[in-house]
Amino acid sequence: MSANDISKGRRPKRAPLSHSLWPTLKTVLRTLGSVAVTLLGLLFITFIIGRVMPIDPVLSIVGERASQETYDAVYHQLGLDKPLLVQFFYYLWDVLHLDFGTSLLNARPVSEDIARVFPATLELASLGIVFGVVIGVPLGVLAAVRKGSWIDQLARVVALVGYSMPIFWLGLMGLLIFYGILGWVGGPGRVGIFYVDIVPTVTGMILVDSLLDRNIDVFKDAFSHIILPASLLGYYSLAYISRMTRSFMLEQMSAEYITTARVKGMSEWDVIWKHAFKNIRVQLITVIALSYAGLLEGSVLTEIIFSWPGIGSYITTALLSADMNAVLGGTVVVGLIFILLNIFSDLLYKIFDPRAK
């Protein structure tokens with residue numbers, strides 16, 4: 001705009017709204033397209049796995065003593081006589097409508113079963129990741145700042161044990177010591193037998209529901225049951241998070257800008273937390289998101305050992321019973337969690353790192 005226009009009081013022209021919104025719209029469309037392609041690939045893989053598994057879904061329904069006529073009727077009813085591509089499109093259409101079929105074990109819709117068991121896993125994994133982040137991040141930072149000290153050695157031992165020890169062994173030892181011998185925690189299950197179905201189900205997470213119902217007794221009992229399995233899951237995430245945090249911080253602490261900050265007389269606290277740690281937040285987002293997703297889908301052994309009625313034990317029971325509808329439904333949900341957490345990580349990138357915008 002010229003000086004003559006300004007002197008005449010003319011307002012500068014604004015960019016058309018369509019041009020200002022186009023970059024954001026383009027990013028949203030690109031993200032949605034990526035999610036759609038990833039989800040389509042996930043559904044295709046789970047469908048193929050369900051077809052190549054050496055399990056006959058018809059026999060699982062009719063039994064081995066059924067007549068050939070009954071077998072053929074159920075085979076036709078399930079659509080297994082149609083071409084494989086047609087079967088996939090039918091499967092895709094049902095999944096897009098949140099229809100994962102009917103469980104062969106209890107004759108209930110798989111979607112209802114998943115909605116019932118997933119909150120238990122969500123509650124367990126969420127408490128575990130909180131444990132892992134609250135302890136793992138400071139431990140990794142201190143190990144990097146005090147490289148070679150006893151804190152650094154402790155962090156290495158913690159990470160090594162976390163990667164080496166089988167979780168089923170730690171779970172059994174934990175039950176034996178803290179429940180069987182010391183009696184510090186509750187046993188297997190989400191609550192004791194006297195507290196089952198006392199509080200109404202609102203979220204499906206017993207700690208939240210007991211607080212909403214203001215039932216402190218149920219909350220205390222539920223917390224005593226969840227603290228041990230959540231701590232074990234948190235310990236595995238702690239080992240991973242602390243190791244990655246230490247690695248990120250070591251790289252930052254050797255950078256020139258850290259030396260410059262110290263030469264200027266900045267306090268060590270500000271150097272560590274306001275400069276070095278600030279630059280690794282974006283990297284930690286991915287680490288924590290992947291760790292959280294791993295807890296959500298990798299808690300199978302923990303749920304089995306502690307009789308925790310989550311999606312991990314649900315998928316395992318369904319697999320052992322040849323209930324492929326339940327197996328595939330649970331697999332799709334777990335895969336969708338990974339996709340959503342990756343999208344969430346990308347959004348956090350744009351918040352914490354302006355260069356990603």
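I will try to describe carefully the structure that is included in this document.

Cut-offs used in this document
- Residues numbered from 1 in each chain as written.
- Predicted model: local features only at pLDDT ≥ 70, side-chain atom pairs only at ≥ 80, totals over all residues.
- Heavy atoms only, no water.
- Axes fitted to C-alpha atoms, helices over the stretch in contact; angles between N-to-C directions.
- Helix = DSSP H or I, 4+ residues; strand = E, 2+ residues; numbered from the N terminus.
- Left-handed = near helix turned anticlockwise from the far one by under 90°.
- Contact = heavy atoms within 4.5 Å.
- Nonpolar A, V, L, I, M, F, W, Y, C, P; charged D, E, K, R; others polar.
- Core = buried A, V, L, I, M, F, W, Y, C linked by side-chain atoms within 4.5 Å.
- Buried < 20%, exposed > 50% of the residue type's maximum accessible area, 1.4 Å probe, protein only.
- Salt bridge = Lys/Arg side-chain N within 4 Å of Asp/Glu carboxyl O.

### Digging into the packing of helix H6 (residues 110–145) against helix H13 (residues 281–297)
Their axes nearest at 9 Å, the elements H6 and H13 cross at an angle of 145°. Relative to H13, the crossing made by H6 is right-handed. The residues of H13 that touch H6, namely those facing Thr 121, Leu 122, Ala 125, Ser 126, Gly 128, Ile 129, Val 133 and Val 137, are Leu 284, Ile 288, Ser 291, Tyr 292, Leu 295 and Leu 296. The residue makeup of the contact of H6 with H13, split by class, is ten nonpolar, four polar and no charged.

### As for the nonpolar core
In this structure, Tyr 91, Ile 114, Met 249 and Ile 311 are the most contacted members of the largest nonpolar core, which totals 61 residues. Among the elements that line this core, the one with the most residues is H6, at twelve residues. Each residue touching Met 249, except ones within four places of it in the same chain, is listed here: Val 141, Ala 144, Ile 272, Ala 276, Phe 277 and Ile 280. Counting residues in hydrophobic clusters, the runner-up holds 14 residues, among them Ala 143, Ala 155, Leu 175 and Val 185.

### Details of the pattern of salt bridges
Applying the stated criterion across every chain yields a total of seven salt bridges. Of the charged contacts, one joins Asp 152 and Arg 156 as a salt bridge, the two residues approaching to 3.6 Å between their closest N and O atoms. One end of the pair, Asp 152, and the other, Arg 156, are both in helix H7 (residues 150–164), four residues apart, so they sit about a helical turn from each other. Its relative accessible area of 41% is what places Arg 156 among the partly exposed residues.

### A closer look at the side chain of Ser 313
One can find Ser 313 in helix H15 (residues 311–320). For Ser 313, a relative accessible area of 14% puts it in the buried group. With near-sequence residues (within four places) excluded, Ser 313 lies in contact with Glu 303, Ile 304 and Trp 308.

### Remarks on unusual backbone geometry
Its identity as a non-glycine residue notwithstanding, Leu 98 has a phi of 60°, on the positive side. When you line up the elements, Leu 98 lands in the loop between helix H5 (84–96) and H6. Within the chain, Asp 197 stands out as a residue other than glycine whose phi angle is a positive 60°. With respect to the helices and strands, Asp 197 occurs in the loop between helix H8 (167–181) and helix H9 (206–212).

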